[in-house]
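What follows is each chain in one-letter form.
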Amino acid sequence: MRRQSTATDGQRRATVTDVARRAGVSTATVSRVMNRNYPVAEATRARVEAAMRDLGYVVNAHARALAGASGRTVGIIVSELIDPFYAYIARGVEREAALGGRLCLVCCAQGDPQRELAFVELMHERRADAVIVVGGSVADRGYTSELARRARELDAGGSKLVLCGRPPLGEQAPTAAVEYDNEGGAFAITDHLLMQGHERILYLGGPPKLSTTRDRLAGHRRALELRGVTPDPELTQTGTFSRNFGYRRMAELLQDGPEFTAVFAANDIVAAGAAQALEEAGVRVPEDISLVGYDDIPVAQELRPRLTTVHVPLEEMGRQAVRLAVGGGDEDDWREPTAGALRLGTHIVVRDSVAPRSGRTARM
């Protein structure tokens, strides 16, 4: 018997018709097995899937889209893949998507708004059930207008754009949103330092134009003002969310910077870099300088002393983003379905890196 040619033969690719012929079923049955949108007997499904494997058949996502079938995928767009903030949110998205039988496609925009828009367009072309954009954004009217337009296009096609941890696009953009109390967390951690007698608090890290940084600084300054402490512009040292920035800038400030008794690092990664610079300079945490972070990622417990920080429910944010867009399968009958927008709380996790203010300050 002549063996069916496949793409691996250097000839034509196997088709749905080839799979149907091999499995002894109709092409409609093959389509139902692939799309999982209609009940198919288990024995039949097994036969079709075996035929697909034998022939090396690969589902053509574009053909499925043209046929009007949902890709049963959820797209997530992050700024950075190795940053735990994004990684834990992505894990929540993936786990919740898997519960609904959906694949999770992760795209990395590397902080480029135009690249982010291109990924939203790609997910639209693939007929993703939801497109989740994660992390803060820079205020730009042109970008916001383009993202709002794509939100309307997704909505018209039965999909949904979900904003996760970023500002809304306005009433004209049909989006869902998962927020967390970013400003409230910054207020609480600053007030914790103030209650320990620290008034010269250095705020370290975070891109100054990013919405995440703006909100954290707003909470920080509000806490200072409510306690009657006048904010000192020299004690706000923005930059990036990286460990390298925390290390480098802290080393510079210890040599030639304003005096401070505590450091509020913009996230735990920045705090780790700052802690290294303090240790190398012979400055003890918390005996000489108190140090806090934000996010409560694993590094916060790995540092010595363990880091006091703000807990953000990162994985839960990812789960809720999927539920807002496509619904979840575990809602209780008495609970109102999740829809529209959701705001999750933050709280302080007190560990070992804060002590009452001593008589010493940095620079030393």
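Refer to the preceding data block for the structure.
Predicted model, so just to flag it, every value in this text is computed and none were measured.

Student: Account for the overall build of the protein, naming residues and giving values.
Tutor: Looking only at helices and strands, one finds 13 helices and twelve strands in the protein. Counting over 364 residues, the protein shows a buried share of 48%. For the protein, contacts bridging at least 24 residues in sequence account for 73% of all contacts bridging at least 6. In the form shown here, the protein has an accessible surface area of approximately 17900 Å², with 48% of it arising from carbon and sulfur atoms.

Student: So what's going on with the pattern of salt bridges? Which residues, and what values?
Tutor: Taken as a whole and assessed by the stated rule, the structure comprises 26 salt bridges. Residue Arg91 is joined to Glu315 by a salt bridge in which the shortest nitrogen-to-oxygen separation is 3.0 Å. Of this pair, Arg91 sits in helix α5 (residues 84-99) while Glu315 sits in helix α13 (residues 314-326); the two residues are 224 residues apart in sequence, bridging distant segments of the chain. Linking Arg200 and Asp232 is a salt bridge whose minimum nitrogen-to-oxygen distance equals 2.9 Å.

Student: Report on the layout of surface pockets, specifying residues and quantitative values.
Tutor: A volume near 620 Å³ is recorded for the largest pocket. The wall of the largest pocket is formed by 31 residues, among which Ser79, Tyr86, Gly111, Gly136 and Leu210 lie closest to the centre. If you list the elements that add at least two residues to the lining of the largest pocket, you get α5, α6 (113-125) and α9 (211-226). Here the residues of the lining of the largest pocket sort into 13 nonpolar, ten polar and eight charged.

Student: Could you give an account of unusual backbone geometry, naming the residues involved and the relevant values?
Tutor: Following Val285, the chain continues to Pro286 via a peptide bond in cis, the omega torsion being 5°. Relative to the elements of secondary structure, Pro286 occurs in the loop between α11 (268-280) and β9 (290-292). Following Arg304, the chain continues to Pro305 via a peptide bond in cis, the omega torsion being 0°. Of note, Pro305 is situated in the loop between α12 (299-302) and β10 (309-311). Phi at Asp295 takes a positive value of approximately 115°, unusual for a residue other than glycine. Structurally, Asp295 is set in the loop between β9 and α12.

Student: An account of the sheet that holds strand β4 (residues 161-164) is needed here, citing residue identities and associated values.
Tutor: Strand order in the open sheet formed by six strands is β2-β1-β3-β4-β5-β11, and the pairing between neighbours is parallel. The sheet terminates laterally at β2 (103-108) and β11 (341-344), the two strands that pair on one side only. Shown here is a sheet whose adjacent strand axes are inclined to one another by a mean of 15°, direction ignored. Relative to β11, strand β5 (residues 175-180) runs parallel, the two being bridged by four bridges. By the bridge assignment, Ala177 is partnered in β11 with Ala341.

Student: Provide a residue-level description of empty space enclosed by the protein, including the pertinent values.
Tutor: Throughout the structure, instances matching the rule amount to one cavity of 30 Å³ or more. Taken as a whole, the largest cavity spans an internal volume of roughly 30 Å³. Taken together, His198, Thr261, Pro286, Glu287, Asp288, Ser290, Ala355, Pro356, Arg357 and Ser358 form the lining of the largest cavity. A breakdown of the residues in the lining of the largest cavity according to their chemical character gives three nonpolar, four polar and three charged.

Student: Which residues make up the environment of Pro39, and what are the values?
Tutor: Along the chain, the position of Pro39 falls in the loop between α2 (27-35) and α3 (42-55). On the basis of relative accessibility, which here comes to 68%, the residue Pro39 falls in the exposed class. For the pair Pro39 and Thr29, spaced ten residues apart in sequence, the C-alpha separation works out to 9.6 Å.

Student: I'd like to hear about the environment of Arg45, residue by residue, with values.
Tutor: In this fold, Arg45 is placed in helix α3. For the pair Arg45 and Val30, spaced 15 residues apart in the sequence, the C-alpha separation amounts to 8.3 Å.

Parameters and conventions
Residues numbered from 1 in each chain as written. Predicted model: local features only at pLDDT ≥ 70, side-chain atom pairs only at ≥ 80, totals over all residues. Heavy atoms only, no water. Helix = DSSP H or I, 4+ residues; strand = E, 2+ residues; numbered from the N terminus. Buried < 20%, exposed > 50% of the residue type's maximum accessible area, 1.4 Å probe, protein only. Contact = heavy atoms within 4.5 Å. Areas by Shrake-Rupley, 256 points an atom, 1.4 Å probe, with all protein chains shown as cover. Salt bridge = Lys/Arg side-chain N within 4 Å of Asp/Glu carboxyl O. 1 Å grid on protein atoms, 1.4 Å probe; cavity = no way out; pocket = protein on both sides within 12 Å on 5 of 7 lines; lining within 4 Å. Points joined across faces, edges and corners; volume = space filled by probe spheres on them. Nonpolar A, V, L, I, M, F, W, Y, C, P; charged D, E, K, R; others polar. Pairing = 2+ DSSP bridges. Axes fitted to C-alpha atoms, helices over the stretch in contact; angles between N-to-C directions.

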